[in-house]
Amino acid sequence: MSSNTYYRKNEVGTLIKDLILRCLLDTNNLVRRQIMHHPNLDEDHIRIALQDEDYVIRTYAAQHNNATEENLKQAIKDSCLDVTTAAISNKNASKTIIDLALKSSFPSVRLLAIQNRNADENHIFTALTDRDIEVKFAAVRHPKFNEKHVDYVISHYDYDLIREVSKSDKFNIQHINLMMQSPDTVKRLIASGKIINHVVAD
(Lines give C-alpha, C1' and ligand atoms only; values in the text may rest on other atoms or scores of the structure.)
Protein backbone atom coordinates (compact mmCIF):
# COMPACT_ATOMS: atom_id res chain seq x y z
CA MET A 1 0.00 0.00 0.00
CA SER A 2 1.42 3.38 -1.01
CA SER A 3 1.64 6.24 1.47
CA ASN A 4 -0.84 8.21 -0.64
CA THR A 5 -3.39 5.39 -0.44
CA TYR A 6 -2.92 5.19 3.34
CA TYR A 7 -3.50 8.91 3.79
CA ARG A 8 -6.56 8.84 1.55
CA LYS A 9 -8.09 6.05 3.61
CA ASN A 10 -7.24 7.92 6.78
CA GLU A 11 -8.88 11.06 5.44
CA VAL A 12 -12.01 9.11 4.49
CA GLY A 13 -12.18 7.62 7.97
CA THR A 14 -11.92 11.06 9.55
CA LEU A 15 -14.56 12.40 7.18
CA ILE A 16 -16.99 9.59 8.05
CA LYS A 17 -16.42 10.16 11.77
CA ASP A 18 -17.14 13.87 11.39
CA LEU A 19 -20.26 13.23 9.32
CA ILE A 20 -21.60 10.83 11.94
CA LEU A 21 -20.98 13.44 14.62
CA ARG A 22 -22.86 16.08 12.62
CA CYS A 23 -25.82 13.76 12.27
CA LEU A 24 -25.79 13.01 16.00
CA LEU A 25 -25.98 16.73 16.72
CA ASP A 26 -28.72 17.40 14.15
CA THR A 27 -31.88 19.01 15.53
CA ASN A 28 -34.03 16.52 13.59
CA ASN A 29 -34.37 13.39 15.72
CA LEU A 30 -35.18 11.29 12.64
CA VAL A 31 -31.70 12.07 11.32
CA ARG A 32 -30.20 11.17 14.68
CA ARG A 33 -32.16 7.91 14.82
CA GLN A 34 -31.08 6.92 11.31
CA ILE A 35 -27.37 7.47 11.92
CA MET A 36 -27.52 5.14 14.94
CA HIS A 37 -27.62 2.20 12.52
CA HIS A 38 -24.23 3.14 11.04
CA PRO A 39 -21.64 0.38 11.67
CA ASN A 40 -18.80 2.88 12.17
CA LEU A 41 -20.11 4.48 15.34
CA ASP A 42 -17.34 4.61 17.92
CA GLU A 43 -17.24 5.01 21.70
CA ASP A 44 -17.45 8.81 21.53
CA HIS A 45 -20.41 8.73 19.14
CA ILE A 46 -22.27 6.29 21.40
CA ARG A 47 -21.46 8.34 24.50
CA ILE A 48 -23.04 11.38 22.85
CA ALA A 49 -26.07 9.37 21.72
CA LEU A 50 -26.59 8.11 25.28
CA GLN A 51 -27.10 11.72 26.36
CA ASP A 52 -29.83 12.32 23.76
CA GLU A 53 -33.28 13.38 25.00
CA ASP A 54 -34.85 10.82 22.66
CA TYR A 55 -35.00 7.46 24.48
CA VAL A 56 -35.14 5.60 21.14
CA ILE A 57 -31.71 7.00 20.23
CA ARG A 58 -30.37 6.07 23.66
CA THR A 59 -31.77 2.57 23.19
CA TYR A 60 -30.10 2.24 19.79
CA ALA A 61 -26.85 3.38 21.40
CA ALA A 62 -27.09 0.83 24.21
CA GLN A 63 -27.66 -2.04 21.81
CA HIS A 64 -25.01 -1.02 19.24
CA ASN A 65 -22.38 -3.66 18.52
CA ASN A 66 -19.59 -1.11 19.06
CA ALA A 67 -20.75 -0.10 22.54
CA THR A 68 -17.86 -0.38 24.98
CA GLU A 69 -17.97 -1.24 28.66
CA GLU A 70 -17.86 2.50 29.47
CA ASN A 71 -20.82 3.08 27.16
CA LEU A 72 -22.77 0.25 28.77
CA LYS A 73 -21.96 1.53 32.27
CA GLN A 74 -23.58 4.80 31.22
CA ALA A 75 -26.57 3.06 29.61
CA ILE A 76 -27.32 0.68 32.48
CA LYS A 77 -27.91 3.66 34.78
CA ASP A 78 -30.48 5.22 32.43
CA SER A 79 -33.92 5.95 33.88
CA CYS A 80 -35.62 4.40 30.85
CA LEU A 81 -36.33 0.65 30.98
CA ASP A 82 -35.80 0.22 27.23
CA VAL A 83 -32.28 1.64 27.47
CA THR A 84 -31.20 -0.45 30.46
CA THR A 85 -32.72 -3.57 28.89
CA ALA A 86 -30.73 -2.95 25.72
CA ALA A 87 -27.54 -2.48 27.75
CA ILE A 88 -27.75 -5.76 29.68
CA SER A 89 -28.79 -7.57 26.48
CA ASN A 90 -25.79 -6.26 24.54
CA LYS A 91 -23.32 -9.00 23.55
CA ASN A 92 -20.54 -6.85 25.03
CA ALA A 93 -22.09 -6.81 28.51
CA SER A 94 -19.27 -7.77 30.89
CA LYS A 95 -19.35 -9.02 34.48
CA THR A 96 -19.10 -5.39 35.58
CA ILE A 97 -22.27 -4.56 33.65
CA ILE A 98 -24.01 -7.58 35.20
CA ASP A 99 -22.99 -6.27 38.65
CA LEU A 100 -24.62 -2.94 37.88
CA ALA A 101 -27.71 -4.51 36.30
CA LEU A 102 -28.33 -6.61 39.42
CA LYS A 103 -28.68 -3.31 41.32
CA SER A 104 -31.27 -1.96 38.88
CA SER A 105 -34.65 -0.79 40.17
CA PHE A 106 -36.24 -2.71 37.27
CA PRO A 107 -36.94 -6.39 38.12
CA SER A 108 -36.86 -7.34 34.43
CA VAL A 109 -33.33 -5.93 34.09
CA ARG A 110 -32.17 -7.86 37.14
CA LEU A 111 -33.74 -10.97 35.64
CA LEU A 112 -31.88 -10.49 32.35
CA ALA A 113 -28.67 -9.91 34.30
CA ILE A 114 -28.77 -13.26 36.09
CA GLN A 115 -29.79 -15.01 32.87
CA ASN A 116 -26.70 -13.63 31.13
CA ARG A 117 -24.23 -16.38 30.20
CA ASN A 118 -21.39 -14.30 31.69
CA ALA A 119 -22.97 -14.27 35.16
CA ASP A 120 -20.68 -15.96 37.69
CA GLU A 121 -20.97 -17.62 41.10
CA ASN A 122 -21.03 -14.29 42.96
CA HIS A 123 -23.76 -12.93 40.71
CA ILE A 124 -25.86 -15.99 41.57
CA PHE A 125 -25.38 -15.34 45.30
CA THR A 126 -26.52 -11.75 44.74
CA ALA A 127 -29.59 -12.82 42.76
CA LEU A 128 -30.56 -15.33 45.45
CA THR A 129 -31.11 -12.38 47.81
CA ASP A 130 -33.21 -10.41 45.31
CA ARG A 131 -36.62 -9.16 46.44
CA ASP A 132 -38.24 -10.56 43.27
CA ILE A 133 -38.95 -14.29 43.36
CA GLU A 134 -38.51 -14.71 39.59
CA VAL A 135 -34.97 -13.35 39.82
CA LYS A 136 -34.24 -15.83 42.61
CA PHE A 137 -35.68 -18.72 40.59
CA ALA A 138 -33.57 -17.70 37.58
CA ALA A 139 -30.48 -17.84 39.78
CA VAL A 140 -31.32 -21.42 40.76
CA ARG A 141 -31.76 -22.35 37.08
CA HIS A 142 -28.43 -20.82 36.03
CA PRO A 143 -25.92 -23.40 34.67
CA LYS A 144 -23.33 -22.23 37.22
CA PHE A 145 -25.63 -22.79 40.21
CA ASN A 146 -23.78 -25.16 42.55
CA GLU A 147 -23.93 -26.91 45.93
CA LYS A 148 -22.58 -23.85 47.75
CA HIS A 149 -25.65 -21.99 46.53
CA VAL A 150 -27.89 -24.82 47.75
CA ASP A 151 -26.29 -24.61 51.20
CA TYR A 152 -26.85 -20.85 51.21
CA VAL A 153 -30.54 -21.18 50.36
CA ILE A 154 -31.14 -23.80 53.05
CA SER A 155 -29.32 -21.80 55.72
CA HIS A 156 -31.44 -18.71 54.99
CA TYR A 157 -34.81 -20.50 55.27
CA ASP A 158 -36.35 -19.11 52.08
CA TYR A 159 -39.10 -21.69 51.75
CA ASP A 160 -40.36 -20.84 48.27
CA LEU A 161 -36.79 -20.88 47.05
CA ILE A 162 -36.04 -24.16 48.82
CA ARG A 163 -38.86 -25.80 46.85
CA GLU A 164 -37.30 -24.50 43.62
CA VAL A 165 -33.81 -25.61 44.68
CA SER A 166 -35.11 -29.12 45.35
CA LYS A 167 -35.62 -29.48 41.58
CA SER A 168 -31.94 -28.87 40.96
CA ASP A 169 -29.56 -31.75 40.31
CA LYS A 170 -27.30 -30.11 42.91
CA PHE A 171 -29.85 -30.95 45.65
CA ASN A 172 -29.25 -34.31 47.38
CA ILE A 173 -30.01 -36.37 50.48
CA GLN A 174 -27.28 -34.60 52.45
CA HIS A 175 -29.25 -31.38 52.06
CA ILE A 176 -32.35 -33.13 53.38
CA ASN A 177 -30.38 -34.17 56.46
CA LEU A 178 -29.13 -30.61 56.89
CA MET A 179 -32.65 -29.27 56.67
CA MET A 180 -33.80 -31.60 59.42
CA GLN A 181 -31.75 -29.45 61.79
CA SER A 182 -33.59 -26.31 60.68
CA PRO A 183 -36.80 -24.72 62.08
CA ASP A 184 -40.08 -26.61 62.31
CA THR A 185 -41.49 -24.85 59.26
CA VAL A 186 -38.78 -26.39 57.09
CA LYS A 187 -39.39 -29.80 58.64
CA ARG A 188 -43.06 -29.47 57.72
CA LEU A 189 -42.03 -28.62 54.19
CA ILE A 190 -40.07 -31.86 54.00
CA ALA A 191 -42.85 -33.86 55.62
CA SER A 192 -45.34 -32.56 53.04
CA GLY A 193 -43.53 -34.57 50.38
CA LYS A 194 -42.88 -31.53 48.19
CA ILE A 195 -39.17 -32.06 48.50
CA ILE A 196 -38.60 -35.65 49.67
CA ASN A 197 -40.60 -37.13 46.78
CA HIS A 198 -38.39 -35.31 44.30
CA VAL A 199 -35.19 -36.64 45.85
CA VAL A 200 -36.51 -40.22 46.17
CA ALA A 201 -37.75 -40.16 42.58
CA ASP A 202 -34.24 -39.32 41.41
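What counts and how
- Residues numbered from 1 in each chain as written.
- Predicted model: local features only at pLDDT ≥ 70, side-chain atom pairs only at ≥ 80, totals over all residues.
- Heavy atoms only, no water.
- Helix = DSSP H or I, 4+ residues; strand = E, 2+ residues; numbered from the N terminus.
- Contact = heavy atoms within 4.5 Å.
- Areas by Shrake-Rupley, 256 points an atom, 1.4 Å probe, with all protein chains shown as cover.
- Salt bridge = Lys/Arg side-chain N within 4 Å of Asp/Glu carboxyl O.
- Buried < 20%, exposed > 50% of the residue type's maximum accessible area, 1.4 Å probe, protein only.
- Axes fitted to C-alpha atoms, helices over the stretch in contact; angles between N-to-C directions.
- Left-handed = near helix turned anticlockwise from the far one by under 90°.
- Nonpolar A, V, L, I, M, F, W, Y, C, P; charged D, E, K, R; others polar.
- Core = buried A, V, L, I, M, F, W, Y, C linked by side-chain atoms within 4.5 Å.

## A few points about the overall build of the protein chain
Move 1: From N to C terminus, the protein chain includes 15 helices and 0 strands.
Move 2: A sequence separation of at least 24 residues applies to 48% of the contacts in the protein chain between residues at least 6 apart.
Move 3: A total of about 11,300 Å² of accessible surface is found on the protein chain, and carbon and sulfur atoms cover 50% of it.

## What about the pattern of salt bridges?
Move 1: Scanning all chains against the criterion turns up 9 salt bridges.
Move 2: Arg 33 serves as the salt-bridge partner of Asp 54, at 2.8 Å between the closest nitrogen and oxygen. In this pair, Asp 54 is assigned in the loop between α3 (43–49) and α4 (55–63) and Arg 33 in helix α2 (residues 29–35), connecting sequence segments 21 residues apart.
Move 3: Using a relative accessible area of 28% as the deciding quantity, one classes Arg 33 as partly exposed.

## Here we look at the packing of helix α5 (residues 69–76) against helix α6 (residues 81–89)
Move 1: With their axes 8 Å apart at the nearest point, α5 and α6 run at an angle of 145° to one another. Judged by the twist between their axes, the crossing of α5 over α6 is left-handed. Residues Leu 72, Ala 75 and Ile 76 of α5 touch α6, and the partners they reach there are Val 83, Thr 84, Ala 87 and Ile 88.
Move 2: Each residue belonging to the contact of α5 with α6 can be placed in one class, and the counts come to 6 nonpolar, 1 polar and no charged.

## Some points on the nonpolar core
Move 1: Grouped together as the largest cluster of nonpolar side chains are 44 residues, with contacts concentrated most on Ile 88, Ile 114 and Leu 128.
Move 2: Per-element accounting of this core gives the leading share, 5 residues, to helix α10 (residues 133–141).

## Focus on α6
Move 1: Every buried residue of α6 is listed here: Val 83, Thr 84, Ala 86, Ala 87 and Ile 88.
Move 2: Next to the buried residues of α6 lie α4, α5, α7 (95–101) and α8 (107–115).

## Notes on the environment of Thr 85
Move 1: Here Thr 85 is to be found in helix α6.
Move 2: On the basis of relative accessibility, which here comes to 24%, the residue Thr 85 falls in the partly exposed class.
Move 3: Considered as a pair, Thr 85 and Ala 62 are 23 residues apart in the sequence and their alpha carbons are 8.5 Å apart.
Move 4: Those residues in contact with Thr 85 that sit more than four places away from it in its chain are Val 109 and Leu 112.

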